[in-house]
Amino acid sequence: MPPLIEVTHPKGIYLPEADLWLDPHFGVKRAFVSHAHSDHVARHDLTFCSEITHQLMVARKTAKKSGTVLSPNLGEVLEWGGWELRLLPAGHITGSTMLHLTRQADGATLLYTGDYKLRQGLSAERCALMQADTLIMETTFGLPKYRFPPLDAVRAAMHEFVEQTLVAGAVPVLLGYSLGKAQELLRALHGLGVPVMVHSSIAQMTEVVRSHLGELPEWRMFDAARVHGHALVFPPNAARSPDLRRLGRCRFAMASGWALDPSAKFRYGVDEVFPLSDHADHPELLETVQIVQPRRIYLVHGYTREFAAELRSLGHDARALGAVDQLELGF
């Protein structure tokens, strides 16, 4: 049995044998970038990522113009400096990927999930796991109480919220991050028969990935003069903008996995919350470990210590990696 691939956490996740950083938030010589959310992106000399992620990084002006980007096809083996690299779909947002590494000298393997979910969403590719000796996984929702309801039920509740708000003569405003959650909301609104207006930042991101999304509702840029009869999709940080305040009566709903918390409405200051998440819930985290069958597990983001203790009670070698915590907290 080969020795495990070394994993360190000096100020981010670093693989010293490969001289490779995983989702560092600062510029480095070589990095794997799992997706284009701002907290996972920086300007690197050499970047491994999917082509869609690279396009989004360029659109967001977070790609280093002088740097090199390697974007192998999903599942394709890329040989590099004694290693085999594979990008696997992560199911988080459009273009998000996991990294699977094989050390050619002895066949030792490592899987880094980045942000991911196993269940099929509406706007991201279906997640694909591979067995590995070492698993580095995110555990944002690493407590047993986080079990998301079926997508169809969440979508039906969203449709009811939009329809009832319009009947009441108000403007329904659905809140989600410009990249990822907003595209999921647009896909969820397809079939309702209600036209949609979106914030400019959402329009920009949606245009970049539009060919990968499937069917969308009729949508256009936000125009306050023509808002009647439309549902709005806005990022959370624009929810209290002057443009929306001038509309008069609006009803706001936040889409987030944290909607499962009893205090979510108060925390976000909204009329409704929907548990629509682009992260794995607790059952999916356990399923991930069962599928990957790792010899050692490192946990990052969220409830790392709690989930590590749970995994150890089940007989796994699991430990929290660094003092990293990622929560989708309000605006």
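All values derive from a computational prediction rather than experimental measurement.

Observations concerning the overall build of the chain
Across its full length, the chain carries 8 helices and 18 strands. Overall, the C-alpha framework of the chain stretches about 65 × 45 × 30 Å when taken along its three principal axes. Here the chain holds 331 residues, and 56% of them are scored as buried. Considering only intrachain contacts with a sequence separation of at least 6, the fraction spanning at least 24 residues in the chain is 59%. When the accessible area of the chain is evaluated, it comes to approximately 13700 Å², of which 51% is carbon and sulfur surface. For the chain, the centre of its 33 positive side-chain charges and the centre of its 36 negative side-chain charges are spaced 5 Å apart.

Let's talk about the nonpolar core
By size, the foremost hydrophobic cluster in this structure holds 38 residues, and its most contacted members are Met158, Val162, Leu174, Val198 and Val233. Elements with a contribution of two residues or more to this core: α1 (51–59), α2 (151–167), α3 (181–189), β12 (196–198), α4 (200–209), β14 (231–234) and β15 (250–255). Among the elements that take part in this core, α3 stands out by supplying 5 residues, more than any other. Apart from the residues within four sequence positions on either side, Met158 is in contact with Leu174, Leu185, Ala188, Phe274 and Leu276.

Remarks on the confidence of the model for the chain
In the predicted model, the chain carries a mean pLDDT of 93, and the fraction of residues at 70 or more is 96%. Contacts from residues 324–331, a stretch scored under 50 in pLDDT, to residues over four places away or in other chains number 33 contacts.

Some details on helix α8 (residues 304–313)
The set of residues buried in α8 consists of Thr304, Phe307, Ala308 and Leu311. Taken end-on, α8 shows its buried residues confined to a sector of 105°, consistent with a single buried face. Facing away from the buried side of α8 by over 90 degrees, the exposed positions are Arg305 and Ser313. In this fold, the buried residues of α8 make contact with β10 (134–139), α7 (282–292), β17 (296–302) and β18 (318–320). Gly315 occupies a position one or two residues after α8 and carries a positive phi of about 95°.

What to know about the side chain of Arg86
By the secondary structure assignment, Arg86 is in strand β7 (residues 83–89). The exposure class of Arg86 is buried, given its relative accessible area of 17%. Discounting residues that sit within four places of it in the chain, Arg86 has contacts with Gly75, Glu76, Val77, Met98, Leu99, His100, Thr102 and Met130.

Overview of the sheet that holds strand β2 (residues 20–22)
Strand order in the open sheet formed by 5 strands is β1-β2-β3-β4-β5, with mixed pairing between adjacent strands. The open sheet has two free edges, formed respectively by β1 (13–15) and β5 (68–70), since each of these has just one partner strand. Sheet twist, expressed as the mean angle between neighbouring strand axes with direction ignored, is 25°. Across 3 bridges, strand β3 (residues 30–32) lies against strand β4 (residues 46–48) in parallel orientation. Following the sheet pairing, Ala31 is matched in β4 by Thr47.

With respect to the packing of α2 against α3
Here α2 crosses α3 at 80°, and the two axes come no closer than 10 Å. Comparing their axes, α3 and α2 come out roughly perpendicular. Contacts from Arg155, Met158, His159 and Val162 in α2 reach Leu185, Arg187, Ala188 and Leu189 in α3.

A look at unusual backbone geometry
Of note in this structure, Asp19 is not a glycine but carries a positive phi near 50°. Position of Asp19 among the secondary structure elements: in the loop between β1 and β2. Even without glycine at this site, Asp23 takes up a positive phi of about 50°. With respect to the helices and strands, the residue Asp23 is situated in the loop between β2 and β3.

Some points on the packing of aromatic side chains
Here the structure, examined in full by the defined rule, presents 11 aromatic pairs. A ring pair is formed by Phe141 and Trp258, whose centres lie 4.4 Å apart and whose planes are at 45°; its orientation type is tilted. Of this pair, Phe141 sits in the loop between β10 and α2 while Trp258 sits in the loop between β15 and α6 (264–268), and the two are 117 residues apart along the sequence. For Phe141, a relative accessible area of 0% corresponds to the buried category. Accessibility expressed as a relative area gives 2% for Trp258, which makes it buried. With a centroid separation of 5.8 Å and an interplanar angle of 75°, the aromatic rings of Phe161 and Phe274 are classed as edge-to-face.

Criteria and thresholds
- Residues numbered from 1 in each chain as written.
- Predicted model: local features only at pLDDT ≥ 70, side-chain atom pairs only at ≥ 80, totals over all residues.
- Heavy atoms only, no water.
- Helix = DSSP H or I, 4+ residues; strand = E, 2+ residues; numbered from the N terminus.
- Buried < 20%, exposed > 50% of the residue type's maximum accessible area, 1.4 Å probe, protein only.
- Contact = heavy atoms within 4.5 Å.
- Areas by Shrake-Rupley, 256 points an atom, 1.4 Å probe, with all protein chains shown as cover.
- Lys, Arg positive; Asp, Glu negative; His and termini not counted.
- Charge placed at Lys NZ, Arg CZ, Asp CG, Glu CD.
- Core = buried A, V, L, I, M, F, W, Y, C linked by side-chain atoms within 4.5 Å.
- pLDDT = per-residue confidence, 0-100.
- Arc of directions from axis to C-beta.
- Pairing = 2+ DSSP bridges.
- Axes fitted to C-alpha atoms, helices over the stretch in contact; angles between N-to-C directions.
- Parallel < 35°, antiparallel > 145°, perpendicular 65-115°, else oblique.
- Phe/Tyr/Trp six-rings, centres within 6.5 Å; stacked < 30°, edge-to-face > 60°.

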